[in-house]
Amino acid sequence: MKAPGYDSKLGKPNLPVADSEMITFYTDEVNCTFRPSGTEPKVKYYIEAVSDSKENATKVALEFEDAFLRLIGQK
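Every chain begins its residue count from 1, and numbering advances along the sequence as written. At least 70 in pLDDT is required for a residue's local features to be given in this predicted model, at least 80 for side-chain atom pairs to be given and counted, and no such filter applies to totals for whole chains, interfaces and linings, which use all residues. Side-chain figures throughout are based on the complete set of non-hydrogen atoms in the structure, without hydrogens or water.

### Topic: the overall build of the protein chain
Cut-off, in case you're wondering: Runs of E in the DSSP output that reach at least two residues are strands. Runs of H or I that reach at least four are helices, and both are numbered from the N terminus. Partly exposed residues are those whose accessible area sits between 20% and 50% of the maximum for their type, while under 20% is buried and over 50% is exposed, using a 1.4 Å probe and protein chains only. In this analysis, two residues are considered to be in contact whenever any of their non-hydrogen atoms come within 4.5 Å of each other. Accessibility throughout is a Shrake-Rupley quantity obtained with a 1.4 Å probe, and a residue counts as covered only by protein chains that appear here.
Looking only at helices and strands, the protein chain has one helix and four strands in total. Each helix and strand of the protein chain, ordered N terminal to C terminal, gives the series β-β-β-β-α. Taken over 75 residues, the protein chain has a buried fraction of 17%. Sequence-distant contacts, at least 24 apart, represent 9% of the contacts inside the protein chain between residues at least 6 apart. Element-wise, carbon and sulfur atoms account for 55% of the exposed surface of the protein chain, whose accessible area totals about 5,800 Å².

See the structure below:
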């Protein structure tokens, strides 16, 4: 049986979850979900940003991704 995942807003899984284990973190402007790939030995991540325009949301998401990749030593 798979682990149910983690939701940083609740401090516990927010069920139901997808078919794979997922971890979701929330900030004021960004939600980021991590999950294992079903076909490859890697982790996939999805970034959602909220802002007053699509262009600004894209900028916020890209800045978050850049900071995250630097944090884990991938950039």
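### Quick look at the packing of aromatic side chains
What counts here: In this scheme Phe, Tyr and Trp rings, the latter by its six-membered ring, pair at centre separations within 6.5 Å, and the angle between planes marks the pair as stacked below 30 degrees, edge-to-face above 60, and tilted otherwise.
In this structure the tally under the stated criterion is four aromatic pairs. On the numbers, 6.3 Å between centres and 70 degrees between planes, the contact of F25 with F34 is edge-to-face.

### Quick notes on the pairing of strand β4 (residues 43–49)
What counts, and what does not: A pair of strands is treated as paired once DSSP finds two or more bridges between them.
Taken together, the seven bridges between strand β3 (residues 30–36) and β4 define a ladder with antiparallel strand orientation. Among the inter-strand pairings, C32 is bridged to a residue of β4, identified as I47. Where β3 folds back on β4, the antiparallel hairpin that results is connected by six residues.

### Structural notes on the pattern of salt bridges
Going by this rule: Salt bridge, as used here: a side-chain nitrogen of Lys or Arg that lies within 4 Å of a carboxyl oxygen of Asp or Glu.
Inspection of the entire model under this criterion finds four salt bridges. Note that D66 is salt-bridged to K75, the shortest N-O span being 2.8 Å. Counted as one network, the salt bridges with shared partners bring together D66, R70 and K75.

### Comments concerning the confidence of the model for the protein chain
Caution applies to low-pLDDT regions: their predicted coordinates should not be interpreted in detail. In plain terms, the rule: Known as pLDDT, the predictor's per-residue confidence is scaled from 0 to 100.
With 75% of its residues at a pLDDT of at least 70, the protein chain reaches an overall mean of 81. Confidence, expressed as mean pLDDT per element, reaches its minimum in the protein chain at strand β1 (residues 6–7) with 64 and its maximum at helix α1 (residues 54–71) with 94.

### Re the pairing of strand β2 (residues 23–26)
Both β2 and β3 contribute to a ladder of four bridges, which runs antiparallel. Each residue of the ladder has a partner; that of T24, found in β3, is T33. Once β2 ends, the chain turns through three residues before running back antiparallel as β3.

### Side note on the side chain of T24
The test is simple: Residues adjacent in sequence count toward polar contacts only when both atoms are side-chain atoms; beyond that, a polar contact is any pair of N or O atoms within 3.5 Å, and within protein one must be able to donate a hydrogen and the other to accept it.
Positionally, T24 belongs in strand β2. In this structure the side chain of T24 is engaged in a polar contact, spanning 3.0 Å, whose partner is the side chain of T33.

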